[in-house]
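Structure assessment
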Amino acid sequence: MLKIKDDVDLKELEKFGFTKNSRGNYDYRRYIDSVLAYRVYITKNHHYIQIQLYDVNIIAGSLQKLIYDLIKADLVEVVE
């Protein structure tokens, strides 16, 4: 399972297109041809990454690139 590191300021996620919603959580929505392809949701308290896929056929590598970019920026760690 992927998790945002404990010492990361969640505002850093805004550099990757995440937006803060009214509940204090961050999410990233990827639309392709005006269709929601996937949503990456990060909880405020636990910082766990949840991914909801809406159309597996059209996401291609964009989700993988987002996760890769988060790992490369040292914001994400793998937990069991």
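Refer to the preceding data block for the structure.
To keep things clear, this report deals only with the structure shown in the data block. These numbers were taken from a predicted model, which means no experiment stands behind them.

1. Structural notes on the side chain of Lys 3
- Considering the arrangement of structural elements, one finds Lys 3 in strand S1 (residues 2-4).
- A relative accessible area of 8% places Lys 3 in the buried class.
- Within the structure, Lys 3 has its side chain in polar contact with the side chain of Asp 6 (distance 2.4 Å).
- Ignoring anything within four residues of it in the chain, the contact list for Lys 3 reads His 46, His 47, Tyr 48, Ile 49, Leu 75, Val 76, Glu 77 and Val 79.

2. Looking at the nonpolar core
- Formed by 19 residues in total, the largest nonpolar core has its most connected members in Ile 4, Leu 13, Phe 18, Tyr 38, Val 40, Leu 66 and Leu 70.
- Of all the secondary-structure elements, those providing two or more residues to this core are strand S3 (26-32), strand S4 (35-42) and helix H1 (62-72).
- Setting aside residues no more than four positions away along its own chain, Leu 66 makes contact with Phe 16, Phe 18, Tyr 28, Tyr 38 and Val 40.

3. Notes on the pattern of salt bridges
- In total, this model carries seven salt bridges according to the counting rule given.
- The partner of Lys 3 in a salt bridge is Asp 6, with the nearest N and O atoms 2.4 Å apart.
- Residue classification places Asp 6 among the exposed positions, given a relative accessible area of 62%.
- Between Lys 65 and Asp 69 there is a salt bridge, and its shortest N-O distance comes to 2.8 Å. Of this pair, Lys 65 and Asp 69 both sit in helix H1, four residues apart, roughly one helical turn.
- Linked through salt bridges whose partners overlap, the residues forming this network are Lys 3, Asp 6 and Glu 77.

Definitions and cut-offs
- Residues numbered from 1 in each chain as written.
- Predicted model: local features only at pLDDT ≥ 70, side-chain atom pairs only at ≥ 80, totals over all residues.
- Heavy atoms only, no water.
- Helix = DSSP H or I, 4+ residues; strand = E, 2+ residues; numbered from the N terminus.
- Buried < 20%, exposed > 50% of the residue type's maximum accessible area, 1.4 Å probe, protein only.
- Polar contact = N/O pair within 3.5 Å; in protein donor to acceptor, adjacent residues only side chain to side chain.
- Contact = heavy atoms within 4.5 Å.
- Core = buried A, V, L, I, M, F, W, Y, C linked by side-chain atoms within 4.5 Å.
- Salt bridge = Lys/Arg side-chain N within 4 Å of Asp/Glu carboxyl O.

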